[in-house]
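Residues per chain are reported as follows:
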There are 2 protein chains.
Amino acid sequence: MNGAESLVRTLLKGGVDVCFANPGTSEMHFVGALDRVEGMRCVLGLFEGVCSGAADGYYRMTDTPASTLLHLGPGLANSAANLHNAKKAGSGIVNIVGEHALYHIQYDTPLTADIEGIARPFSHWVKTSPTSKTVAADGALAIQAARVAPGQIATLILPADTAWGEADGVADTPDTPPPAGPQKEVVVAAAKALKQGNSAMLFLGGRALRARGLELAGKIAAKTGCRIQAAGGTARIERGAGRVATLRLHFVVETAQVQLKGVTKMVLVGAKPPAAFFAYPGKPSVLTPPDCETTLLCPVDGDPIAALEALAAELGALNEKPVGVAQAGRPERPTGQFTLEGLGQALGATLPEGAIVVDESVTTGRGFFPYTVGAPPHDWLNNMGGSIGFGTPVAVGAAVACPNRKVIAMIGDGSAMYTFQSLWTMAREGLDICVMIFSNRSYNILYSQLADVGAANPGPRAIDMLTLDRPTIDFPGMAKSLGVPGTQVHDLEALTKQLSYAMSQRGPYLIDVVM
Amino acid sequence: MNGAESLVRTLLKGGVDVCFANPGTSEMHFVGALDRVEGMRCVLGLFEGVCSGAADGYYRMTDTPASTLLHLGPGLANSAANLHNAKKAGSGIVNIVGEHALYHIQYDTPLTADIEGIARPFSHWVKTSPTSKTVAADGALAIQAARVAPGQIATLILPADTAWGEADGVADTPDTPPPAGPQKEVVVAAAKALKQGNSAMLFLGGRALRARGLELAGKIAAKTGCRIQAAGGTARIERGAGRVATLRLHFVVETAQVQLKGVTKMVLVGAKPPAAFFAYPGKPSVLTPPDCETTLLCPVDGDPIAALEALAAELGALNEKPVGVAQAGRPERPTGQFTLEGLGQALGATLPEGAIVVDESVTTGRGFFPYTVGAPPHDWLNNMGGSIGFGTPVAVGAAVACPNRKVIAMIGDGSAMYTFQSLWTMAREGLDICVMIFSNRSYNILYSQLADVGAANPGPRAIDMLTLDRPTIDFPGMAKSLGVPGTQVHDLEALTKQLSYAMSQRGPYLIDVVM
């Protein structure tokens, strides 16, 4: 057994049985091992950002790391923007990055690069395996690192000679230490803070936004009268009919400030204190009201569900009936010209049970929550790293993770162009994904951002950097060229009809919403 | 004048008047300044790898750095694979990377990342400008760094508050020290080595492969009988009728060894000693024959033309008639089924004078040199960093640099998928580029690489990672969706006809060569 095969076997033994791959020469032994070992599902992406984004989506839906297979430094670099998003989302990923044979690196041939240096800003754990005998053990350590709560990026660099040299067997993955539980005095302090009622807020992030976490938050709110607020960035919210509803903190500073107004006690559960996405001249970076006291009940790398259980117990709220539970109910099917409300209604009217919504709608989709709150139970995944090109790859990973659930990827047209290669993988794997493109034919968000940073009244050259209408992009045509059928819609009736069709069939489908 | 405007004015004053941009919020002040300052040509790319590759192509054709404008860490990361290629090619680029306002970084908001850490593996020079007063001076230092021979990657990180704060005026770019000239004793040693005649070799890289360098090499060969050989990786070869012809060192180890066979004295001019692209079990990394003595006449960061002038003078060869000058002549227009030879003939039969060939043909185009050697004078640009996705962006930059020359981008279908967004920029800017896609519907090179690394007899799962035919990609459809007309050809006659058409018209056009 060579090093590459020992690594594949170690990954499988450690529960890592999906690999999102874009391999090259230095990864050929890993690829070659796939036919000698049963059980690794290898999914080809035509660009590395598809692979890393898919691994992110896979983790969000399974809480289990997938692996990526990447070609030396540049392949890793191409994956890095979506690794950044995954890192911010707390997704665990095991990156396997090929490297030249160790004796070859000194010749500084074309693909030679500082792979560890490239990996470090995007990884919690980085190692170059030194010999074919250590590859299996290093792979096991990478899995262990990827599993650290809430999930970490582990990058294992695999020199070609360690892949083709003789291995020492398969390694067992060591247990990952569980996150620290809630401390009694912090639980008591949080309970005391929340007794302030409506001027107190439970501020939730990470797994606190799964159904059980929200249910506990709803019980606590029932007991104390506190408010419940989701963070601005949320890896996955379990929502819909029967679940405790919450809104995300808004991107726009002034709107977020309204959401937080009057809060004098904030209890953080799996979330950092609220901060503005960007800095703007004359606006605050910190969004917590100035007179607000903050209690950190559970850090981002803690166990928010355990913390909420302890808090509910402390408050005697475990048997409360949660407040804020969404009632089943859908909006009417909208008609007429596109409005942001109408788009939300179209989604709310058609969202099937168990849907996974991957939201990279940027300016368009910010107001969709009220229209979908009573739809059948579903998951909603947002970008936590802010690097666009996140949506279609994450949809790929979510669909691989959950083959029996419909995935809906809502993507701004600007964002769609970064990782459009995802559609080919959707076609190849027959993934059940409906891609909605919101074609406003601009980087629309940047118009408001120009004003917000104080660069208002843009001239023609500035506007030229924000517009995507010269030429317009034919998204259904592009999808078709990659094997994905699709269509264009120009009003809400056509959109709702197309969404109904997309939900009723299986496989990838694209709807270009021309706004 | 704010910091961003002082930077734009400093770039212009320093001769950097093109910016390949994919901006976001933190770059809005730079964008806003474009309308207050005359002279900066800003070209929008829909993915950052388009921008960095375009800056590489621009430098190769002008020996002048362009700038890029990138959005924080992830934007820089998306540009990094083509920065890697540019760095290996010795192309000078000034990257302007937006960053959060300095006081905002502490809040670790979604786009916060270690931008300097991301930049370092891909840059020769990295700096975060600390205040709006220093932005202009730091921009000038970045230009100076980018101009260091043969060309360097300089990355200036521009925090938003340094962009919007008050500046201190415009800065002058300091002179860049010229590269060291050839040392007399090395010139004498090289001259002595080359007197060995046919067992001696001038091994040329970098600007030694411009017309004047090759002419000098031809004179030296006329005097000494030495061989002339281009390195495997070449940023730009000036070739065609009337120029001294040379072949590049082949990618395949055994073929390269044949090219170098019998060489006992090698003189390096602007090139490193020849090494294998990858390591393979049982094959050498170093390709110089074991008994060969090497003389470094001019390092990669030297002045190869000056070195060759000195060497020719030392040998009394300046008035020699160069050997190896290509005679004008084109192949017959080929017909019939596709063969590699036929593809080379089709190109050789149609290449117009002044063409710029950007070659990312990978397996297909390796043998095209003999068929194009007698075509009218043209330039040939190769990938020196080995990261695919290089070709169409470099073509964008070459076309911006040389608006009156036809650019021909030859791209493997696998490679084409990494940075296909380039086509939109070609359409938007009306760039005169003919894109040829060689659709063998696989990562064809990897079949031979599997065998070469000793992972032969791939099974179905391995082969699945190398094939692009499920589904097939409709490249003309994809091009059309991005505003670029195109067609598919299935035999040599149709290809030659389409190439003739493409050469006769202006603007982007795509030919999908279905092999």
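Worth saying up front: this structure is predicted, and the values here are computed from it rather than measured.

K.L.:
Run through the overall build of chain A, naming residues and quoting values.
P.N.:
Secondary structure summary: chain A contains 20 helices and 17 strands in total. A globule of 515 residues ought to have a C-alpha radius of gyration of about 24 Å, and chain A, at 23 Å, matches this closely. Each principal axis of the C-alpha atoms in chain A carries an extent, and together these give about 65 × 60 × 45 Å. Out of the 515 residues belonging to chain A, those deemed buried represent 65%. The contacts in chain A between residues at least 6 apart in sequence include a share of 81% that link residues at least 24 apart.

K.L.:
Please set out the interface of chain B and chain A residue by residue, giving values where relevant.
P.N.:
Facing 83 residues of chain B, the contacting portion of chain A comprises 83 residues. Looking at which element gives the most residues to the side of chain B that touches chain A, the answer is helix H4 (residues 72–89) of chain B, with 8 residues. Across the side of chain B that touches chain A, the residue classes break down as 46 nonpolar, 24 polar and 13 charged.

K.L.:
Give me helix H11 (residues 304–314) of chain B: which residues, what numbers.
P.N.:
All names here are of chain B. Among the residues making up H11, those that are buried are Pro 304, Ala 307, Leu 308, Ala 310, Leu 311 and Ala 312. The inward-facing, buried residues of H11 abut helix H8 (184–194), helix H9 (211–224), strand E10 (265–269) and strand E11 (293–298). Of the residues trailing H11, Gly 316 is marked for its positive phi of about 65°.

K.L.:
Describe the environment of Pro 159 of chain A, listing the residues and the values that go with them.
P.N.:
Residues and elements named next belong to chain A. With respect to the helices and strands, Pro 159 occurs in strand E6 (residues 153–159). Along the sequence, Pro 159 and Gly 98 sit 61 residues apart, while their C-alpha atoms lie 5.8 Å from each other. Setting aside residues no more than four positions away along its own chain, Pro 159 makes contact with Glu 99, His 100, Ala 101, Leu 102, Thr 128 and Ser 129.

K.L.:
Before we move on, can you summarise the pairing of strand E2 (residues 41–44) of chain A with the specific residues and values?
P.N.:
Residue and element names in this part refer to chain A. Of the pairings in the sheet, the one linking strand E1 (residues 18–21) to E2 comprises 4 bridges and is parallel in character. From the neighbouring strand, Cys 19 faces E2, where its bridge partner is Cys 42. What joins E1 to E2 is helix H2 (residues 28–33), and the crossover it makes is right-handed.

K.L.:
An account of the nonpolar core is requested, with residue identities and associated values reported.
P.N.:
Counting 383 residues, the largest nonpolar core has Val 269 of chain A together with Val 269 of chain B as the members making the most contacts within it. Take this core: its biggest share by element is 9 residues, from helix H6 (residues 135–146) of chain A. Not counting chain neighbours up to four residues away, the residues in contact with Val 269 of chain B comprise Leu 202, Phe 203, Leu 204, Ala 208, Leu 297, Cys 298, Pro 304, Ala 307 and Leu 308 of chain B.

K.L.:
Which residues make up the environment of Val 170 of chain B, and what values do they have?
P.N.:
Residues and elements named next belong to chain B. Tracing the backbone through its elements, the reader meets Val 170 in the loop between helix H7 (160–164) and H8. It is 31 Å that separates the C-alpha atoms of Val 170 and Asp 303, two residues lying 133 residues apart in sequence. Not counting residues up to four positions away in its chain, the partners in contact with Val 170 are Ser 6, Arg 9, Thr 10, Lys 13 and Ala 136.

K.L.:
Quick rundown of the packing of helix H14 (residues 391–401) of chain A against helix H16 (residues 422–429) of chain A? Include the residues and the values.
P.N.:
Pairs of packed helices are described in terms of their axes, by the angle between the two and the distance that separates them. Residues and elements named next belong to chain A. Across the interface, H14 lies against H16 with an axial gap of 9 Å and an inter-helix angle of 20°. Regarding the angle of H14 to H16, the classification is roughly parallel. Here H14 and H16 pass one another in a crossing that is left-handed. Between H14, through Thr 392, Pro 393, Val 396 and Val 400, and H16, the contact on the second element is made entirely by Ser 422, Leu 423, Thr 425, Met 426 and Glu 429.

K.L.:
Could you give an account of unusual backbone geometry, with specific residues and numbers?
P.N.:
Phi is mostly negative for residues that are not glycine, and the peptide bonds are mostly trans. The step from Ala 149 of chain A to Pro 150 of chain A runs through a cis peptide bond, and the omega angle for that step is -5°. A cis geometry characterises the amide bond from Arg 470 of chain A onward to Pro 471 of chain A, with omega recorded as 0°. As for its placement among the helices and strands, Pro 471 of chain A is situated in the loop between helix H18 (460–464) and helix H19 (475–481). Residues other than glycine seldom take positive phi values, yet Asp 63 of chain B does so here, at roughly 55°. Within the element layout of this structure, Asp 63 of chain B appears in the loop between helix H3 (48–62) and strand E3 (66–70). Despite not being glycine, Asp 108 of chain B shows a phi value in the positive range, around 50°. Position of Asp 108 of chain B among the secondary structure elements: in the loop between strand E4 (93–99) and helix H5 (115–119).

K.L.:
Go over the packing of helix H1 (residues 3–13) of chain A against H6 of chain A with me, naming the residues and quoting the values.
P.N.:
Residue and element names in this part refer to chain A. In the contact formed by H1 and H6, the axes pass within 8 Å of each other and the chain directions differ by 30°. Handedness of the H1/H6 crossing: right-handed. Contact residues: H1 offers Gly 3, Ser 6, Leu 7, Thr 10 and Leu 11, while H6 offers Val 135, Ala 136, Gly 139, Ala 140 and Ile 143. Residue composition of the contact of H1 with H6, by class: 6 nonpolar, 4 polar and no charged.

K.L.:
An account of the sheet that holds strand E8 (residues 227–230) of chain B is requested, with residue identities and associated values reported.
P.N.:
All names here are of chain B. Spatial strand order, E8-E7-E10-E11: 4 strands in an open sheet with parallel pairing. At either margin of the open sheet sits one strand with a lone partner, and together these are E8 and E11. Here the average twist between neighbouring strands, direction ignored, is 25°. Direction of pairing for strand E7 (residues 200–204) relative to E10: parallel, over a ladder of 5 bridges. Residue Leu 202 lies in a different strand from E10, and its bridge partner there is Val 267. Here H8 sits on the sheet and contacts E7, E10 and E11; the angle it forms with E11, its principal contact strand, is near 135°.

Reading guide: rules and limits
- The residue count restarts for each chain, going from 1 along the sequence in the order it is written.
- By the order in which they are written, chains take letters starting at A while ligands take numbers starting at 1.
- A pLDDT threshold of at least 70 governs which residues receive local features in this predicted model, and a stricter bar of 80 or more applies before side-chain atom pairs are shown or counted, although totals over entire chains, interfaces and linings include all residues.
- Helix numbering and strand numbering both begin at the N terminus, where a helix is a DSSP run of H or I of at least 4 residues and a strand a DSSP run of E of at least 2.
- Throughout, radius of gyration means the C-alpha value; the globule benchmark is 2.2 Å times the number of residues raised to the power 0.38.
- The burial label depends on the number of other C-beta atoms within 10 Å of a residue's C-beta. Counts of 20 or more mean buried, 12 or fewer mean exposed, and intermediate counts mean partly exposed, with C-beta atoms placed from the backbone.
- Residue pairs qualify as contacts under a 7 Å threshold applied to their C-beta atoms, which are placed from the backbone.
- Polar here means any residue other than Ala, Val, Leu, Ile, Met, Phe, Trp, Tyr, Cys and Pro, which are nonpolar, and Asp, Glu, Lys and Arg, which are charged; Gly is therefore polar.
- By the convention used here, strands pair only if DSSP detects at least 2 bridges between them.
- When the strands point away from the viewer and the path from the first strand over the helix to the second turns clockwise, the crossover is right-handed.
- By our criterion, buried Ala, Val, Leu, Ile, Met, Phe, Trp, Tyr and Cys residues that link up through C-beta atoms within 7 Å make up a nonpolar core.
- Axes here mean lines fitted to C-alpha atoms, for a helix over just the part in contact, with angles spanning 0 to 180 degrees between N-to-C directions.
- By the definition adopted for this analysis, an angle is roughly parallel if under 35 degrees, roughly antiparallel if over 145, roughly perpendicular if from 65 to 115, and oblique otherwise.
- Each helix crossing is assigned a hand: it is left-handed if the near helix lies turned anticlockwise from the far helix by less than a right angle, otherwise right-handed if that turn is clockwise.

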